[in-house]
Amino acid sequence: MATSNRALRYLESRKNLVGCACGLAGLGITLTGAAGSLWPVVVAGLYGAGALIAPPERPPAPAFPEPAEQLDALRADLATLRTYIAEVELPSAAQTRLTEVDDLIEALLAPGWVIDPEQVRVLGRAVRQDVPEAVDAFVRTRWWNRVVPGAEPPERHLERQLDALYEEAAAIADALREAEARRQETHTRYLEDRGR
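Residues numbered from 1 in each chain as written. Predicted model: local features only at pLDDT ≥ 70, side-chain atom pairs only at ≥ 80, totals over all residues. Heavy atoms only, no water.

**Some thoughts on the nonpolar core**
Our working definition: By nonpolar core is meant a set of buried Ala, Val, Leu, Ile, Met, Phe, Trp, Tyr and Cys residues that side-chain atoms within 4.5 Å join together. Three exposure classes are used, based on accessible area relative to the maximum for each residue type with a 1.4 Å probe and protein chains only: buried under 20%, partly exposed in between, and exposed over 50%. Per the convention used, a helix needs a DSSP run of H or I reaching at least four residues, while a strand needs a run of E reaching at least two, with both numbered from the N terminus. By definition, residues are in contact when any of their heavy atoms lie within 4.5 Å.
Formed by 31 residues in total, the largest nonpolar core has its most connected members in Ile105, Leu108, Leu123 and Val131. Contributing elements (two or more residues each) for this core: α4 (67-86), α5 (92-108), α6 (117-147) and α7 (154-195). Counting residues per element, this core draws most heavily on α6, at nine residues. Setting aside anything within four residues of it in sequence, one finds leucine 123 in contact with Leu74, Ile105, Leu108, Leu109, Val114 and Ile172.

Shown next as structure tokens:
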């Protein structure tokens with residue numbers, strides 16, 4: 001079975017097709033009488049030369065999900081993260097900052113905004129790793145903080161982590177805003193130049 005598949009693949013390959021075309025050219029030379037009694041050698045030689053000069057078959061490139069497809073999965077993960085966060089008790093300042101981070105990420109994940117793979121990666125890391133890790137570390141540290149008085153409050157660390165995550169998401173929003181402003185300016189110049 002494997003041999004027959006390999007033979008079928010060769011029959012459809014570029015090497016065979018180019019070789020056949022060159023072999024047909026050899027038959028054309030033979031019909032003109034230029035090859036004489038050596039016509040089988042001419043046809044076989046031209047077939048072989050064509051098969052050798054033909055470009056090799058290239059396997060198709062792997063089809064990785066497009067950023068839009070990744071965003072659909074990321075939106076589902078954001079919903080899962082929200083369910084987890086709803087079960088955790090956070091201080092009011094941290095909860096407010098977490099809500100701001102969540103709202104900004106949700107706005108960025110809206111269809112039609114983020115298309116850059118690097119931005120998708122940053123948002124994915126925030127949703128799937130950074131925010132859950134920050135909240136989980138706070139919950140675990142808060143318990144230990146009760147046992148060891150005088151330690152730095154874990155709320156401060158959580159707030160600083162959420163501030164850093166907000167700044168990271170805000171940088172993406174700023175980049176998108178600048179890109180849209182440049183797009184609008186370019187279109188305005190195009191319309192003005194077209195009218196002249």
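**Details of empty space enclosed by the protein**
This is how it is decided: Think of a 1 Å grid over just the protein atoms. A cavity is a set of points where a 1.4 Å probe fits yet cannot get out, a pocket is an open set with protein on both sides within 12 Å along at least five of seven lines, and lining residues have an atom within 4 Å of a point. Grid points are joined across faces, edges and corners, and a volume is the space filled by probe spheres set on the points. Basically, the charged four are Asp, Glu, Lys and Arg, the nonpolar ten are Ala, Val, Leu, Ile, Met, Phe, Trp, Tyr, Cys and Pro, and anything else, Gly included, counts as polar.
One pass over the structure, following the stated rule, counts two cavities of 30 Å³ or more. Space inside the largest cavity adds up to approximately 50 Å³. As for the largest cavity, its lining consists of Leu78, Leu81, Ile85, Leu98, Val101, Asp102, Ile105, Ala126, Val127 and Val131. Contributing elements (two or more residues each) for the lining of the largest cavity: α4, α5 and α6. Top element by residues in the lining of the largest cavity is α5. It accounts for four residues. Taken together, the residues of the lining of the largest cavity sort by class into nine nonpolar, no polar and one charged. In this structure, the second largest cavity occupies an estimated 40 Å³ of space. Lining the second largest cavity are Ile105, Val122, Leu123, Ala126, Leu165, Glu168, Ala169 and Ile172. Secondary structure elements with two or more residues in the lining of the second largest cavity: α6 and α7. Tallying contributions element by element places α7 first for the lining of the second largest cavity, with four residues. Looking at side-chain class alone, the lining of the second largest cavity contains seven nonpolar, no polar and one charged residues.

**With respect to helix α2 (residues 14-31)**
Because each turn of an α-helix spans 3.6 residues, side chains separated by three or four positions in sequence point in the same direction. Operational definition: In this analysis, the expected span of each helix is defined as 1.5 Å times one less than the number of residues it contains. It is the directions from the helix axis to the C-beta atoms that the arc portrays.
For α2, spanning 18 residues, the distance from its first C-alpha to its last is 26 Å, which sits close to the expected 26 Å at 1.5 Å a residue. For α2, the full list of buried residues reads Asn16, Gly19, Gly23, Gly26 and Thr30. One face of α2 carries all of its buried residues, which in axial projection span an arc of 75°. Residues of α2 that are exposed and point over 90 degrees away from its buried face: Leu17, Leu24 and Leu31.

**Structural notes on the packing of α5 against α7**
The criterion, for reference: Each axis is a line fitted through C-alpha atoms, taken for helices only over the stretch in contact, and angles between the N-to-C directions span 0 to 180 degrees. In what follows, roughly perpendicular refers to angles from 65 to 115 degrees, roughly parallel to angles under 35, roughly antiparallel to angles over 145, and oblique to any angle outside these ranges. Two helices crossing with the near one rotated counterclockwise from the far one by less than a right angle form a left-handed crossing, whereas a clockwise rotation gives a right-handed crossing.
Close contact between α5 and α7 brings their axes to 9 Å; oriented N to C, the two are set at 25°. Comparing the axis directions of α5 and α7 gives the class roughly parallel. Every pair of crossing elements has a handedness; the one defined by α5 and α7 is left-handed. Counted together, Ala93, Ala94, Arg97, Leu98, Glu100, Val101, Leu104, Ile105 and Leu108 of α5 and Leu158, Glu159, Leu162, Asp163, Leu165, Tyr166, Ala169, Ala170, Ile172, Ala173 and Leu176 of α7 form the full contact between these two elements. Looking at side-chain class alone, the contact of α5 with α7 contains 16 nonpolar, no polar and four charged residues.

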